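Report on the structure
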Amino acid sequence: MKAVRRFAVRAGLPESLAELGTLANNLRWTWHPPTQDLFAAVDPQAWEELGGDPLRMLEQAPAERLRRLAADEEFMMRVRAVSDDLRRYMTSDRWYQRRQEELTHRAAGDPSATRLPKSIAYFSMEFGVTEALPNYSGGLGILAGDHMKAASDMGVPLIGVGLLYRSGYFRQSLSAEGWQVEHYPVIDPRGLPLEPLTEPSGVPLLVHVSMPGGRVLRARIWKANVGRVPLLLLDSDVEENDADLRGVTDRLYGGDQDHRIRQEILAGIGGVRAVRTYCELTGHPQPEVFHTNEGHAGFLGLERVRELMAAEGLDFDQALSAVRAGTVFTTHTPVPAGIDRFPVDLVRHYFGGGNLLPGLDVQRVLALGAEENVGMFNMAHMGLRLAQRANGVSKLHGEVSRSMFGGLWPGFDTHEVPIKSVTNGVHGPTWAAREISKLLGESEVDSEVGLTGFQPVTDALLWELRCGLRERLVHEVRRRVREAWLQRGASALELSWTEGVFDPNVLTVGFARRVPTYKRLTLMLRDPARLKALLLDPDRPVQLVVAGKSHPADDGGKALIQQIVRFADDPEVRHRIVFLPDYDMSMARYLYWGCDVWLNNPMRPLEACGTSGMKAALNGGLNLSIRDGWWDELYDGRNGWAIPTADGVTDPVRRDDLEASALYDLLGSQVVPTFYDRGGDGVPGKWMELVRHTLASLGPKVQATRMVREYVESFYAPAATSAARAATEGFQQAKDLAAYRGRVDAAWHHVRVTDSELTLPDGKTPVIGERVQVRSSVELAGLQPTDVEVQAVVGRVGDTDDLLDVVTVSMKPDSDGTYVAELPLPHAGALGYTVRVLPKHDLLASTAELGRVILAN
Ligand SMILES: *Cc1c(COP(=O)(O)O)cnc(C)c1O
């Protein structure tokens, strides 16, 4: 028999244990060991069996047990202590409040001084906070979760906004043949740490979004508490919706383009409406800054344009100027196929009727997402056009993004493209093993600005700790291998061998991530004989744990998984290499804790940042990685190994051969010998030097607190400052900027540098450092001198006339109307110069912002 409907019943907690319910409903417990220990004490066995899910445990706890606990004086004292701690955590001033205080003090009434926003909305299609709220697929979602948690620890007033999926992402198992099988377990929000936003009467509040044909898509708003940060999740599965619209939030990254654009319309437009509702309901300040984590939620900018047009009487351009000032866009992929795009006709279908965003001309909407291919609407391009500030997620990815999106700023050198970078980070208290946190000083990992250094500890003690973590991983591997085989149809009788899988004393290498082609899951199998030799070395073996999900529609990825599974199924090696199905946060943490080496071999530069290696480093794991993403900037020669890349080799087969060979070489000649080189006490001294250096040097840099601080200082604060200026005096500045843009658009094609000359002193060959004068005449075509910046640019020239290593100086109008500048010659050798004209306005974040430049010719 199957149930026709599912429903959950919440067990009533005894009045005196109500605080336990409060603790379970704030996800801070997921990174707070004392709260976890308190839950474990309620029912140690159930806690273990339910994988540490307090709500489920409390729901199932026998009433008798709860009564007994309520009468237990000592237990009740612990409950009060932990509750008090949470209250303090929620209300005390933290880094952000202190920073705010400092800035207020310094600004002393100056209205244009930098301000920290009272509230920031952070939009993402996925949020990976805990496995108890399975609302993520991988790195992007977990990054969003870590961003919220670090913001909470630092007191940053963030509101998270996204969708709640009925089945989350899929769960992975394997067929007997090693083929990926997907399952979509249904999640009942009433069993999750979520509460619905309701009217005072208890009626759930719904957001409404218009669909074509006069239909309406409605969604409930659920709220999760991520420490101090509220996370609002929209859920379309409400009875008032038409059947097909109920399914809009059915699953993450499933369905066709039409399904996807509905999800993105709900996340972006519905998301803004949910934030408005939440703030009105609770008195929480309305966001001054909107941050879109990847382009998916980018329609949020259009909704805000609509709001300003309706409420403030602005026209489209004026509203756009105001919206851009307060928007931050983060791009996450350097893989063009990874960019979210829709057919233009599909966008027109939803936005064209005038119901979805009344007052917005669909042509203006389409122009925001225009790309080279006229039939496609590009969400990343829209993200960049709707945000005054944008960034990639590592230094290298910033560079790659500037070149990838450089076409939006024609005429500018790649380094001038206004896309910066903030290197991702990971939430220390979530990803560091408890033992490590203790060693590092709990308060320091838990502190608001990240870990600052670690306490003196002997090599022997640190090694013992690492061995303990490896052993815990080995047990988890055995448990999961056995379970996987039972699922693949093996009988328990034939599985005794799984008890001998892995060895707690063997060098353990981990490789776990999603399986898109560029991550090269099977690079390690390039030369199976060499891999086998490493695994089966009689004295100094290696063991390898592999995990990862392939997108359900990607048969190529599934075939790669099958290759690994088949290799690992071989009785000759199965005790040294395993593929563990269903990679998720609950598995990942064992891997990050226990692996000695974290392997990453993407096709450079396609890994935007990568964060799993950071989590390993936080636990003293050493990275063995291609210099891509974060590793490109943080590898220092003493914190792990860089796999040499065959940059420039265009044949991918040859490139894989070369890089795989380099990987085997490194493992065999450096990693393995260092690990097994033991002193008299059995401790590998040189290895421990690397571990120590990793903990001390990478520990602070890979933390999400460092990342959030950078976002606050370099993005949120400037955006809030610009947004406030744009809005003052009835949006006068936004109006000015829009009018200015209009004037520039009209005049620009007639602006010219009519004449320019560089004067060398005495006509002799000058020496480096000598001052020269550049003078130039400019036709402004009706623009005012204050509307433009005229620059002299001097640099090296090679065979082509391209200028390199340039020095740029601003030119000033002279009494005769020409522009003039003096500058010292920056280099020896062949130099060249040019003159250029750029738009200039107070509210532009950079002179490149409008993508307009006139060069002398
Ligand atoms: C950290 C993490 C990721 C992202 O790892 P990458 O190195 O960015 O590929 C994916 N899944 C899980 C479960 C993680 O914990």
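Per-chain numbering applies: the sequence of each chain, read as written, is numbered from 1 onward. Per-residue local features are limited, in this predicted model, to residues with pLDDT of at least 70; the limit for side-chain atom pairs, both in listing and counting, is 80 or more; totals at the level of whole chains, interfaces and linings are taken over all residues. The side-chain figures draw on all heavy atoms in the structure; neither hydrogens nor water molecules are used.

Take the site of the ligand next. We call a residue near a molecule or strand when any one of its heavy atoms sits within 4 Å of it. In the vicinity of the ligand, 15 residues are found, and the nearest of them are Lys 519, Tyr 592, Thr 611, Ser 612 and Lys 615. Contacts to the ligand include Tyr 592, whose side-chain N or O atom sits 3.0 Å from an oxygen atom. Polar contacts, as counted here, are pairs of nitrogen or oxygen atoms within 3.5 Å of one another; within protein the pair requires one atom able to donate a hydrogen and one able to accept it, and residues that are adjacent in sequence qualify only if both atoms are side-chain atoms. Contact between the ligand and Ser 612: an oxygen atom at 2.5 Å from a side-chain N or O atom of the residue. The protein chains hide 94% of the 390 Å² of surface that the ligand would expose on its own. Put simply, DSSP H or I for four residues or longer makes a helix, DSSP E for two residues or longer makes a strand, and each gets a number counted from the N terminus. Looking at the shell around the ligand, the elements that each hand over two or more residues are α8 (139–154), α23 (585–594) and α24 (612–618). Of the residues forming the shell around the ligand, the biggest block, 3 residues, is contributed by α23. Charged means Asp, Glu, Lys or Arg here, nonpolar means Ala, Val, Leu, Ile, Met, Phe, Trp, Tyr, Cys or Pro, and polar covers whatever is left, Gly included. Residue composition of the shell around the ligand, by class: 6 nonpolar, 5 polar and 4 charged. Of the residues that make up the shell around the ligand, three or more belong to each of domain 2 (113–424 + 712–727) and domain 3 (456–700). Note on areas: Shrake-Rupley with a 1.4 Å probe; residue coverage comes only from the protein chains shown. An automatic or database domain assignment is the source of the domain bounds shown.

Turning to helix α28 (residues 704–747), a few remarks are in order. Its 44 residues place the ends of α28 only 46 Å apart at the C-alpha level, less than the 64 Å of an ideal helix rising 1.5 Å per residue. Here the bend at a residue is taken as the angle between two axes, fitted respectively to the seven residues that end there and the seven that start there. Its maximal kink placed at Gly 730, α28 deviates by approximately 125°. Expected span of a helix, by definition, is 1.5 Å for each gap between consecutive residues, and there is one gap fewer than residues.

It is worth spelling out the sheet that holds strand β20 (residues 640–643) at this point. A pair of strands is considered paired only if DSSP assigns at least 2 bridges between the two. The strand order β17-β16-β15-β18-β19-β20 describes an open sheet built from 6 strands, whose pairing is parallel. Of all the strands in the sheet, just β17 (577–580) and β20 have a single pairing partner and so form its edges. The sheet shows a mean angle of 20° between the axes of neighbouring strands, taken without regard to direction. Running at roughly 120° to strand β16 (residues 542–547), helix α21 (residues 528–536) makes contact with β16 and β17 of the sheet. Pairs of residues are marked as contacts when any of their non-hydrogen atoms sit within 4.5 Å. Here, axes are lines fitted to C-alpha atoms. For helices the fit covers the stretch in contact, and angles between N-to-C directions go from 0 to 180 degrees. Each of β16 and β17 is contacted by helix α22 (residues 555–569), which is oriented at about 135° to β17, the strand it contacts most.

Before going further, it helps to spend a moment on the confidence of the model for the protein. Averaged over the protein, the pLDDT score is 93; the fraction of residues at 70 or greater is 97%. Each residue carries a pLDDT score, the predictor's own confidence in it, on a scale running from 0 to 100. Contacts of residues 442–452 to residues separated by more than four positions or lying in other chains number 29 contacts, the stretch itself having pLDDT below 50.

A separate point is the side chain of Arg 260. Position of Arg 260 among the secondary structure elements: in helix α10 (residues 257–282). Side chain to side chain, Arg 260 and Asp 340 meet in a polar contact 3.0 Å long. If we ignore the near neighbours within four places in the chain, the residues touching Arg 260 are Tyr 253, His 296, Asp 340 and Phe 342.

To continue, consider the pattern of salt bridges. The rule for a salt bridge is simple: a side-chain nitrogen of Lys or Arg has to be within 4 Å of a carboxyl oxygen of Asp or Glu. Inspection of every chain in the model, using the stated rule, returns 61 salt bridges. The salt bridge involving Asp 188 is made with Arg 190; its shortest N-O contact spans 3.2 Å. Summary of the burial criterion: residues with accessible area below 20% of their type's maximum are buried, those above 50% are exposed, and those between are partly exposed, where the area comes from a 1.4 Å probe applied to protein chains only. Classification of Arg 190 as partly exposed rests on a relative accessible area of 39%. Between Lys 519 and Glu 607 there is a salt bridge; the shortest N-O distance is 3.2 Å. With a gap of 88 residues between them, Lys 519 in the loop between β15 (507–512) and α21 and Glu 607 in the loop between β18 (597–600) and α24 connect regions that are remote in the sequence.

Glancing now at the sheet that holds strand β22 (residues 771–779). As a general point, the strands of a sheet are linked pairwise by backbone hydrogen bonds and lie either parallel or antiparallel. One open sheet holds the 7 strands; their spatial order is β21-β22-β25-β24-β23-β26-β27, and the pairing between them is antiparallel. Lying at the two open borders of the sheet, with one neighbouring strand each, are β21 (752–759) and β27 (854–855). The sheet contact formed by strand β23 (residues 788–797) and strand β24 (residues 803–813) spans 7 bridges and is antiparallel. Counterpart to Arg 796 in the pairing with β24 is Leu 804.

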